[in-house]
Each structure stands twice: as structure tokens, then as C-alpha cells.
Amino acid sequence: MSRVPKPHSFLTALSPIDRQDDAGGARLAAIRAALAAHTQYGSPFRECPTAHMVRMQVIDALKPAMGDTSGVHLRSAWLLCVAELDGGVDDFLDALYRTDPDFVHATWGQCTGYPPYRGAVFLRRYIARCRMGGELPYAAFPASVAQVQAAIARKECLGALAAATQGLDDAAAQAAFRAARGELERPTATRPGGL
Amino acid sequence: MQQSFEGKATPMTVITPMRPRWRPLVWAILAVFRHLKLGVVKELAFIHFARWLLVKRGRLPHLSPRQPVERLDDDWFVFTTNFNGPWDQYIDAFGMVGGVRGGLDWLWWTSRGFPGAWPMRPFKRYIRYFEYPLDLYCNAYPGASVRDIACALELSSRLDAFLAATPPDEDAAAFARRWCAFLDAVAPTLGDTGAQLQEIPSPHSKVPLELRS
Amino acid sequence: MAAPVLDLTDIQAQFGGYDRHWPVGRFWYLRWETPDAGRALLARLPPLAHCLHLDDSDTAIAVNVAFTHRGLAALGLDPTMLDSFPEDFRQGMRARAPLNGDTGPNDPQCWDDAWQGGGVHGWVGAYARSAQALEEFARDFETWLSATPHLVRAGSEDVSRFYADPARPMHIDDPASNPSRPVVLEHFGFRDGVSNPPVAGMPQDGPATGIGMLNKDGSWSPLPAGEFLLGQVDADGEVPPGPQPESLARNGSFMVLRKLEQDVDGFRAYVAGVAAGAGIGADALAARFFGRHRDGTPLADPSTLNGFTFGDDPQGRRCPLGAHLRRANPRDSMGFGTVLVDRHRILRNGITYGQPVPHGVLQAEVNGDAGQGLMFIAFNTSFAGQFEFVTQQWLNFGNDQNQGNDRDPVVGVQVPPARFVVPGDGLRPTVVCAGLPQFVRLRGGDYFFLPGIAAVAALASGPGG
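Everything quoted here is computed from the prediction, not taken from an experiment.

Caption draft 1: Examining the interface of chain A and chain B more closely. Listed as interface residues are 91 residues of chain A and, on the opposing side, 101 residues of chain B. Taking both sides of the interface into account, the surface hidden between chain A and chain B amounts to around 8,200 Å²; carbon and sulfur atoms contribute 63%. Close ionic contact of arginine 51 of chain B with glutamate 84 of chain A constitutes a salt bridge, the shortest N to O distance being 3.0 Å. At the junction of chain A with chain B, the criterion picks out 41 residue pairs in polar contact (both at pLDDT 80 or more). Secondary structure elements with two or more residues in the side of chain A that touches chain B: β1 (8-17), α1 (26-36), β2 (51-59), β3 (77-86), α4 (120-130), β4 (136-139), α5 (145-165) and α6 (170-185) of chain A. The element that contributes the greatest number of residues to the side of chain A that touches chain B is α5 of chain A, accounting for 14 residues.

Written out as C-alpha cells, the structure is:
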């Protein structure tokens, strides 16, 4: 089995945030505020059906190597986005922009070089310029978000059914199975992040 | 201090500084690792996704003429992971399982000041020091661990076979016999994954006490 | 690794555990309102029992003492010393209740009176060779306590060991499941205290096979002393963080004390009900909860008491993955030998309280409301890494055992759907126990520091030792 299955793509994007272009790093503060305004479950990523795991973090200062007193520092802050996805990066970005364009403009839109236009195409182009390649990726399963969620829903359903049929006679066990069969075959779709 | 995120997967981002002269070696090491099966990591079954990435100091995106050019001494060696279980156990497993320890020694060997994946305390201190806090994290299946998913995927294919073999008009006794045999087969994978996040133990001292800032 | 030379005469006897010659005891939970009262107590105690003391047949009473962090503070210890203790101990078990699943019926607000209010500063545990010897000691000690100003007796607990006895069967539906030999039992009627980790440098009861550390060459070693004794080297080859100065830590250990009340009636009724529905024997099913038969014979390998592993039973067909024994010490279940387990072992030296409940008798008929259970006592050098880890990750969670969120069927804090799956073995069908009630309820306890005997003497001598 291939370690990194083809269906997954791995996005790593580093976007500069200019600290000098307006007083007091207002852009940086705005990005932090936009990120902080979203909880884990209220984030627009939750509505992106191809996103397994997504993280965003502002890298404001680099930690120097222990004993390094050179004083080298970052001139820009950097917005790091790391995402594990099904399918292509652009499909994910389109879904994200469709879900919450304001979030995109409040975050990457504040970064250096983001064009002053609305539209998913500009997000795609911008992320393409920020994307870092050449990674060594690892994925535990060659499964999509939908496959994982369906498998878990079926496991839950079967677990409950196994408990319910315990001690039933043959006909009653069969009836219980028949009642649950539809759910076992096609588990109710779960929203990303809902499990 | 990192915001805490609910769910069974914990994200971690570690960025270590690396002298640019090691680049050819790092490329070679990453190329070798790309062709390894990483079976040990699969067997440990607590990493959903992870990646290693070398960011060259001169290759940070330059997107505007007005953007100041970064003048850095070091490249960035970026490690991101999504793991199950407490931080301590995760790092313990890295250092304790021989195969992983050797792999990490190779991967981080070029990072400045890397003490080696053993002994444990300097290694943990090193990782902890170069960890960068997250601002936002999203996980499409926060209630499921790697082991939960492994069980669910295995069970799913067995369930497909059982459903396919179950005609609508089957005799009840025959069904019951097959049902019991099916339950026997899937019983080891039947643990409750649950939809309730409150069923998951609260994050346990993810960072060992003596390393907390 | 060569075993360290331990000074067994400086380690309190509770650490090594009491054998069958010491069947009864009493625990006192005390509070001192002034440092002098605390020191007066330490001066009043007889010479503390050490690990070799117990073999001395001239002594009829063995006394040990341990301190909570509040107790050490109330002794007037220097703040630098107080702050040098690890955070988990400084916070105490009550503050860390959410980590241990001590919520709902286990919530600290529901604990016994002894653990409410001002709290407990010190634990004094006395064991005796006979009930008479204990009474003599207790009478004098209690008299002295009540006459000593600023020394408060927050509570006390009588403890006693009991043994399998043909005259008092404890089975559910199979009389033959009762042990044929007089082994030590807990109140559900199962043999207790048989699989403690062997500690390097301590007297060994038997080979380390199965219960120690699995080496690369397939042999087994005792656990390094530093996993359980402060000031010694642990399994990482490092000295675990402990209090300063080093002389305060030496030969000391961190002790978990938990009073666990057992619902014997509820356990028997639930197991009997599920077993009847599934068409298997109740005692056979109960053995799956524990991972051992009543006489201690492991399901994994009936030919040995402890020399077994789980590597050849990855699906839990013989011993369920969720069984108590397999959760509390997964041995090689997780792969990679025992390296993922070695840092998470605890040394248990508990003792039962209350009278045993024979087959066919209800608890209330035995001793009314007093109840019965286990005074759980465990030693480790890191509460967070050992006791709390085992409780949180292995007993109240099932991920490492491939059991999802399922919890320990015996001691777990249950939340719906509260299931325990016993995979079929080809002869016995798969049994899914659902809606598990909580059979064990926490009635109180705390995190204690059990110092070495010289360190107790230093504490008794004055501030700063």
C-alpha cells in the first residue's frame, strides 16, 4: 500500500504579513482577531467537505536556536496554513471561498500582495504563490473524509444493533436487523466536524 | 500558550532552524524516507497526518515589491502532525520505539542543537521549545482516533460483505446463525466511538509538568 | 541494568506491602492546626515500620505515615521546599478530579466527611498481626489524639484482608468458580494483588516474566526503582522530578489513596442478567470483566499466574481487550514489547474494608449501610505520568486497547452507551454488555507523599529539617 495515497493533497502555505505598512501592525491584529473569532466548530473549514484537518497560525517571531545571540528576526510576520485534503487544493479553496469569503478577506486578504478584488480565483492564485512544496507527507489511511465519516457512522450503528440484539430470539433479531439495514447501508451523512 | 482544541486529534507544529549547508543532505534524507514504508508509524496508530518540509531561507514567498526581504541565517525545518493521546505519550513513543527514534535522529539531525531522540528529557525540551502555537484548528472527525478509523474501515468492508450475503427473505434461524458468526468476526472492532465529545477524556497534561512554561 | 542497592530499612513498609501476617489495620486521617501539633504527632508515633521490619515476629504493630501537600505546608516547611514538589502533588487529588473521571457520583462533593472541609494533612496507617494488638494500639493512640490540642481527627477507616473460604462462597451461579485455595480476595470475589510490577532492588516474589519490562532479547527485567521510588533512576535512565533537597526525596514515593466502594449486589445482578440473555455462565462472564478467574488464573494462559503476554491474542478472543487486567497493564498488547507501557506502571498495595458478602446474601444483610470496598493504595513517582495516565487513558478510555470510548467494565466511570464487548472464541458467543452500571464509587482520598524514614525524622525535628 502506498504510504501517501494519491487522493490526498497537502497544502502548506506561508503568507507574509507586512508589519510596517500601517501603524502598530493593525493588519496582524486584524488577522489574529479574525482567527480568534472562529472556534474549532464554527470555522468555515468545517463546511469544506474535502478538508480532513486544517490549521492556521501566525508566526510572529522565530525561536532562535539555543545559544544563538545573533538577534536575527523576521521582518514580516507569516501566516502559516497547513491542510490535509481530498482531491485538489483549488477545490478546497473554492469551497472555502464559497462558504465564507469574509473569512478569506479577513485573513489572507490582509496579507502582503493579496489583490484588492473579490472572487475565489484570486484566492487560488494567491495561495499558489504562497505554497511551499517538496514535503515528506504521511497519511494513516487512503480514505476520504466522506469514507471515514461513513465508516464511523456504520460502526456506531452496528455497535448499537449488536447490543440491541443481545438475547433476542432469532425472529426478533432479524426484525431488528431489518429495521436498521437502511442505516447500515447508507448511514446518515455527517457534517464535517460533526462526529 | 496554545489554545486547546477538543477532539481526539491534537495538532503540533515544530519549526527548527537548520544551517543551509545541510540542504543536500536533507534532500537526500527526505528522498530516502519518501521511499520507506513507515510501517512502524502505521503500527503505532496514533498519527492521522504528518509532514516534514524544508523551507529555504531565501525562498520565502516574496509577493510585493514593498515587502521587506527576510535576511535569515537558517532554513526552517517544519514538522506538522495530528496525533492522538497525550503529548507526553506521543513524544515518549517517538523516543522509545527504536525504529522511530532512528528515523527522527536522521530527520532532525541537521537541525541546530538537536540533542537526539534519546534521552527523553532533553528531546522533549527541544521539541517543546520549537513548538509554535496554533490559532485555529479544524478536524473533520474530531471524535475519531486513528484506531477508531482503522476499526471502522475494517468493519465497513466486512459489513458490506454481510449485507450482500443477506437476502431480504432469509429464514430467521439461518439469519441468526450468520448474524452471530458475523458479530464474532467484527467483535474486536466494535468499541464505541461515540458522537459525544464529552466522552473523550479531557486533555491530560499534554506537556509534562517540568516542561510547562 | 544492575539493580540499585536500596536501603530497605529506610523505606516505609507500606511501599513494599503487607503480607498475610498483617491481616487487620486502621487508617487515621489527621489534620494539624499548628506545626507543633504535626510534629508532636510524628514524635508520638512508634518507630515507623520499614520493609524488613515486617519479617520481625516480635513486633505486633506496624505504623506508617504519609503527608498531603497541605499537610507539609501546615508543618511549616520552607516555601522553597514546598514548591519543589511536582504540580500534581501540590494540587492534590480533589483539584485534579476531572482528570481522573472523579465526576458525577465520584465528584469530590459526594466524598466522605473526612475529605470535606479542612481536608486531610496526614495519613497514619497501622497494621497489626491480630485484632487485639490493633485494639491496644488504637486505644492508646486515640486517647492521645483526643488529648492533644490542635490535632484534629478528620476520620478513620478499619481495613482488613479476607481470604477465599469454602464456608463462604462468593460465586454468582457456578459454585465451582470459587477458589480452592485461601487466596486474598476483593469484594467481587476475585483474587487481588497478584500482578504488581517487580521493582529492581526490592525483594522479588517471583520472576519478572509477564509483569516486568520486556527486553529486546525476549527476557524480562524488574522495573527500574525510579519508576516508584524518588531519587532513583527511572526507565528513561533519568532521576524523576521530586522534592528538594534530595534528602527529603530519598526513599520516598508518591502514594495515591482512594476509598473505592463496591456495589457487590449490583455487580452480581448485572452480570447474571447479561449472562442469562447471552446464554453463558455468569461467573464465566464475570471472569471476562477481570481477565482472570476468581482464583487468579489468567484467561490468557491458565498454566501460569503472571508469566503470560497478550501478543498472541490481538483480538481478545481469550482475554477481552477491554478486560480490567488488560487495561490496567496492557503488557505487550500495543506492540513494541512493553516500551509503551513501562513508564505507566503503578505499584498497588491496597487492602479491603468491610465484611465479605457471601453468595446469595445482600450487602445490607452483611453490614447495613457500612458497605464494603477497597482502600486503593498505589505508588508511583509521577501521579500525572502513572496513576493519572492509567486512570484516564486506559481505564476511562479505550483507545489504546482498540475499544474506542469504552471504559473499564469493573472500575470505569460509565457514560452511555457504557458498553463492554466480549468477543466470541468459537465456543462462547460474542457478548455485548450494554448500559453498564458503575460498580465502583469513589468515596474519598488524596495524593500523599510517603517519605523515607530518615526524612520523616527530619520533618519531625523542625522547620527545614
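The structure having been displayed, the exposition proceeds.
Caption draft 2: Structural view of the interface of chain A and chain C. Contact residues are listed per partner, giving six residues for chain A and seven residues for chain C. Together, the buried faces of chain A and chain C total about 470 Å²; carbon and sulfur atoms form 51% of this surface. When the buried surface of chain A facing chain C is broken down by residue, Ala163, Gln166 and Gly167 of chain A rank first, second and third, together holding 70% of it. Inspection of the region where chain A meets chain C yields zero salt bridges.

Caption draft 3: The sheet that holds strand β4 (residues 136-139) of chain B, seen in detail. Spatially, β1(A)-β3(A)-β2(A)-β4(B) is the arrangement adopted by the four strands of the open sheet, whose pairing is antiparallel. With partners counted over all chains shown, the strands left at the sheet margins are β1 of chain A together with β4 of chain B, one partner each. The average undirected angle you get between the axes of adjacent strands in this sheet is 10°. Here β1 of chain A pairs with β3 of chain A via ten bridges, running antiparallel. What sits directly across from histidine 8 of chain A, in β3 of chain A, is aspartate 86 of chain A.

Caption draft 4: Main features of the packing of aromatic side chains. With the rule as written, the count across this model stands at 56 aromatic pairs over all chains. Ring geometry for tyrosine 114 of chain A against tyrosine 126 of chain A: centres 4.9 Å apart, planes inclined by 65°, an arrangement best described as edge-to-face. Within this pair, whereas tyrosine 114 of chain A is found in the loop between α3 (101-106) and α4, its partner tyrosine 126 of chain A is found in helix α4, the two being separated by twelve residues in sequence. One aromatic cluster in this structure is built from Trp52, Phe77, Phe79, Trp108, Phe114, Phe123, Tyr126, Tyr129 and Phe130 of chain B. The side chain of lysine 259 of chain C reaches across the aromatic face of tyrosine 353 of chain C, ending 5.0 Å from its centre. Sitting over the face of the ring of phenylalanine 308 of chain C, arginine 331 of chain C holds its NZ or CZ atom 3.8 Å from the ring centroid.

Criteria and thresholds
- Residues numbered from 1 in each chain as written.
- Chains lettered and ligands numbered in written order.
- Predicted model: local features only at pLDDT ≥ 70, side-chain atom pairs only at ≥ 80, totals over all residues.
- Heavy atoms only, no water.
- Contact = heavy atoms within 4.5 Å.
- Buried area = accessible area lost by both parts, 1.4 Å probe.
- Salt bridge = Lys/Arg side-chain N within 4 Å of Asp/Glu carboxyl O.
- Polar contact = N/O pair within 3.5 Å; in protein donor to acceptor, adjacent residues only side chain to side chain.
- Helix = DSSP H or I, 4+ residues; strand = E, 2+ residues; numbered from the N terminus.
- Pairing = 2+ DSSP bridges.
- Axes fitted to C-alpha atoms, helices over the stretch in contact; angles between N-to-C directions.
- Phe/Tyr/Trp six-rings, centres within 6.5 Å; stacked < 30°, edge-to-face > 60°.
- Lys NZ or Arg CZ within 6 Å of the ring centre and 35° of its normal.

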